[in-house]
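Each chain is listed here by its residues.
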Amino acid sequence: MSSQPQWSEFFDRVIDGYLLLDLEAMDRISMEGYGNCGYPMLLTIFSGADLLGGLSSPKWSDDPRKQKKYFKHFLKEYMGYGDENLIQELRESVRNRLAHSFLTDNHVMVYKKQLSQAIERRDNLLNIDASKLFQEFKTAVSRLKAELNEDQALSRIFENNLISMQETYVRNNIKIQFNEPIDVSLSAMLMPPSGTGRTSGASHGFQLKKPLQVIRTDNKKGRGRK
């Protein structure tokens, strides 16, 4: 059995593997005109900030009002952004807009490897270089990983938040009909489903003992469809 900490297994697979390697692949894309993956890079970076900000916070919650704090926590504590107005603008005008409509607000301009800094404000425009922001994000991820290696209290918080996140997803977002208990331990979450490898985009969810009937619901009252 591996002596590697459980948080480290998750970090190696999901963060250093899926998240950063997908960003590395998008960053290498260089095309004339459209297709440079600037928007997908920003959306992936900010999704990662949401995830890591939540896992490194004192206590994770699925309350959307509290989840806003996770984005700010990661950008302030690990990416070094001290301007809370800028953080709010990045969340509302870039992160939220891209997540819901694949469009930023009109004053946001996105580039790759063209600006001298990751974020520049010029002529009433918010200019973002996705490649430079990725480098800042990668440095921030390394900073968090170093802290997790050095701080046992933080690593316990990280693992507990990860388990809470997975348990909440199971309880609130799907209703499962089964004959055996579901294993929501961190070790089970880290176990890849049979027949899958580390290929980017492959599932890394729970490994269940038996096929289960899953009913996805639209809200907590259970209204939805099979």
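Above this text you will find the structure in question.
Residues numbered from 1 in each chain as written. Predicted model: local features only at pLDDT ≥ 70, side-chain atom pairs only at ≥ 80, totals over all residues. Heavy atoms only, no water.

Participant: Before we move on, can you summarise the environment of D27 with the specific residues and values?
Facilitator: With respect to the helices, strands and loops of the structure, D27 is situated in helix 1 (residues 6-28). Spatially, the C-alpha atom of D27 lies 7.7 Å from that of C37, the residues being 10 residues apart in sequence. Other than its neighbours up to four places away in sequence, D27 contacts M41, K112, K113, S131, F134 and Q135. (Helix = DSSP H or I, 4+ residues; strand = E, 2+ residues; numbered from the N terminus. Contact = heavy atoms within 4.5 Å.)

Participant: Please set out helix 3 (residues 64-77) residue by residue, giving values where relevant.
Facilitator: Between the first and last C-alpha of helix 3 there are 20 Å, a value that for 14 residues agrees with the 20 Å anticipated at 1.5 Å per step. Along helix 3, the residues that are buried comprise Y70, F71, F74 and L75. Here the buried residues of helix 3 occupy an arc of 120 degrees about the axis, which is enough to place them on one side. More than 90 degrees from the buried face of helix 3, the exposed residues found are R65, K68, K69 and E77. (Expected span 1.5 Å × (residues − 1). Buried < 20%, exposed > 50% of the residue type's maximum accessible area, 1.4 Å probe, protein only. Arc of directions from axis to C-beta.)

Participant: Give me the lowdown on the layout of surface pockets, citing residues and values where you can.
Facilitator: As a volume, the second largest pocket reaches approximately 320 Å³. For the second largest pocket, the lining is made up of 16 residues, of which G33, N36, C37, G38 and K112 are closest to its centre. Those elements that provide at least two residues to the lining of the second largest pocket are helix 2 (38-55) and strand 1 (108-111). The element that contributes the greatest number of residues to the lining of the second largest pocket is helix 2, accounting for three residues. Broken down by class, the residue content of the lining of the second largest pocket amounts to eight nonpolar, six polar and two charged. (1 Å grid on protein atoms, 1.4 Å probe; cavity = no way out; pocket = protein on both sides within 12 Å on 5 of 7 lines; lining within 4 Å. Points joined across faces, edges and corners; volume = space filled by probe spheres on them. Nonpolar A, V, L, I, M, F, W, Y, C, P; charged D, E, K, R; others polar.)

Participant: Break down the pairing of strand 3 (residues 125-129) for me, with residues and values.
Facilitator: Of all five residues that make up strand 3, four are buried, and the element is covered over most of its length. Here four bridges tie strand 1 to strand 3, and the two strands are oriented parallel to one another. Paired with V108 across the bridge in strand 3 is L126. By the bridge criterion, four bridges tie strand 2 (residues 119-122) to strand 3 in an arrangement that is antiparallel. (Pairing = 2+ DSSP bridges.)

Participant: How would you sum up a negative patch on the surface? Please name residues and give values.
Facilitator: A contiguous patch of negative charge, built from E77, E147, E150 and D151, is present on the exposed surface. For E77, the position within the fold is in helix 3. (Patch = residues over 30% accessible without salt bridge, like charges linked within 9 Å, V, L, I, M, F, W, Y side chains within 5 Å. Areas by Shrake-Rupley, 256 points an atom, 1.4 Å probe, with all protein chains shown as cover. Salt bridge = Lys/Arg side-chain N within 4 Å of Asp/Glu carboxyl O. Lys, Arg positive; Asp, Glu negative; His and termini not counted. Charge placed at Lys NZ, Arg CZ, Asp CG, Glu CD.)

So yeah, pure geometry; function would need other evidence.
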